[in-house]
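Observations on the three-dimensional arrangement
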Amino acid sequence: MCGIAGLIYKDKKTHSVGKSLTSMLGSLQHRGPDSAGFAIYGGLNLPKNHYQLNIEIKNKNELLNQVKTTLTQSSKIFNEEIIKSDEKDNIYRCEIKLENYSMLKQLITTLDEIEDIQVINGSQSFEMIKDIGKVKDISKRYNVSKRKGTHGIGHTRFATESGIDRYHAHPYQSYITPDITVVHNGQITNYWKIRDPLERKGHVFKTLNDTECIVHYIAEKLSQGYKLEETLEAAVKDLDGPFSILVGTPNGIGIAKDKLGLRPGVMAENDDIFAIASEEMSLQNVVNTEHVEQIAPGETRSYTI
Amino acid sequence: MSEYTIDAKNMEEKDLTRSIKEHALNYDKLIIKNPQSRHNIAAGVTEEVKIEIDGSAGYFIGTMIDGPKIHVKNNAGWFAGDNMTKGELIIDGSAGDGAGQGIYGGTVVVRGDAGSRTGEIMKGGTVIIGGNSGFMTGLLMMGGQLIVLGDVTNDAGESIMRGTIYVLGEVKSLGKNAKMEQTTLEDQKELKTLLTKYGFEITDIDYTNFKKITNKSGKPLTE
């Protein structure tokens, strides 16, 4: 089933996006108990060419030092912290500086080659928080409610395919173009047809999860110069299966629903907020829902600031 | 009339419906405060009690009811009135996909718009949509009557086998096995009786403008 939620503040100012998404996803907890995640845009405030990395590190002696040694070959480390996640792993969060964006993917690939570490994400304009467990527990563990931003997307997962772990939790990120994230509710039935041409172009897939395939597809379109709305329209034509996909970009959010409308998606807005979710009960946390719009089969909606 | 108010704010879904069933035995009317779009509200209630939902309901509001008259004062989620056999479900706002799905009897009224697949596999009863209805309205319909005062989008009456869909607005396209014709005077008279009962005020000329969608064949899936 899975639950999806997203919101954007129209005034372009930062607000309590973490708190809003926590309450929106908390209302959708019944749709998926396995894991949950957030991508909160606009509050990270990193200087140009600085990136935040979230790295899962097994609790083993010297492993953290090995990661730091690898990082320092590319960059000085800024603002590091260790977040306790579970008995087996910690999340090492740090800030680095790179000369250009293409070096980020290269660095992440190098880090992923170290045994027992997994880079969860690397970002410039958004903060990624995802883990196994329930929304409220993850939100508390990572202090999500304190995180500000202009917009964000989130997910609560009922795993129907691929693994249940931190990396497989949504959102997924692509490094084809900066800071694109996707959460998804459904199944992509022409997965290999979409994945194959992307791989031929050199895009690396790390999982068999169809959301990873979608985020690369979306990022590829955006990198070709498509606008968000055009990208979503292309997704409706090219992707098969039941789905509602919710996309986050550095300046907007958007949803696309499959041609048969087999997965839910509703939206509501007022002068301040544009919000999307699987169900009305999620929207009720952030906007007056007297007027709720159903996203129709094959329809797309987006809002950019 | 005896009334009882249930505050649903901190109630689990099953506890809410259990409370509704218990109090339906002793009261004429139940008012549900703070429904917060919960799913399955009043599922399986069989008492002829009035139930007023003071807000929005989630998925499957009034599923499998046999008797109560439910009034939702705001919106409803997917599958409103699913498989109901007797009673009334009135939604003042909009409804999600599958409103009136599989009903055998009774009446579902949505005063605003409905999503897709309205009246899917309905076998009897009446569904009235005051606004527009989406994709595949009346999908696999097997009986009853479905009335839409606004527009319907693509594939109306997809694979319809029996029953009738009346549409006052535009029909974007018909689904397989569906045909469209003008209404008879008898149809118009029945529509007026029904719509007037539920407070829809439309002109006499409008009644002549209803389109009637029925099945071409009684066995569309075996031909």
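Here is what the cut-offs are and how they apply
Residues numbered from 1 in each chain as written. Chains lettered and ligands numbered in written order. Predicted model: local features only at pLDDT ≥ 70, side-chain atom pairs only at ≥ 80, totals over all residues. Heavy atoms only, no water. Helix = DSSP H or I, 4+ residues; strand = E, 2+ residues; numbered from the N terminus. Rg over C-alpha atoms; globule rule 2.2 N^0.38 Å. Buried < 20%, exposed > 50% of the residue type's maximum accessible area, 1.4 Å probe, protein only. Contact = heavy atoms within 4.5 Å. Polar contact = N/O pair within 3.5 Å; in protein donor to acceptor, adjacent residues only side chain to side chain. Pairing = 2+ DSSP bridges. Buried area = accessible area lost by both parts, 1.4 Å probe. Salt bridge = Lys/Arg side-chain N within 4 Å of Asp/Glu carboxyl O. Nonpolar A, V, L, I, M, F, W, Y, C, P; charged D, E, K, R; others polar.

Looking only at helices and strands, one finds three helices and eleven strands in chain B. Its C-alpha radius of gyration of 17 Å places chain B within 12% of the 17 Å reference for a compact globule of 223 residues. With respect to the principal axes defined by its C-alpha atoms, chain B has extents near 50 × 40 × 25 Å. Across the 223 residues in chain B, those meeting the buried criterion constitute 59%. For chain B, contacts bridging at least 24 residues in sequence account for 26% of all contacts bridging at least 6.

Residues and elements named next belong to chain A. With respect to the helices and strands, Thr189 occurs in the loop between strand S10 (180–186) and helix H5 (191–200). Discounting residues that sit within four places of it in the chain, Thr189 has contacts with Asp240 and Gly241. Here the side chain of Thr189 touches Gly241 through a polar contact of 3.3 Å, landing on its backbone nitrogen.

This part covers the pairing of strand S8 (residues 142–148) of chain B. Here strand S7 (residues 126–129) of chain B runs beside S8(B); their pairing, made up of four bridges, is parallel. Paired with Ile129(B) across the two strands is Val148(B), which belongs to S8(B).

The interface of chain B with chain A comprises 17 residues on the first partner and 18 residues on the second. Between chain B and chain A the total buried area reaches about 1,200 Å² when both faces are included, carbon and sulfur atoms providing 45% of it. Inspection of the chain B/chain A interface yields zero salt bridges. Where chain B touches chain A, the interface holds nine residue pairs in polar contact (both at pLDDT 80 or more). Looking at the side of chain B that touches chain A residue by residue, the classes come out as four nonpolar, ten polar and three charged.

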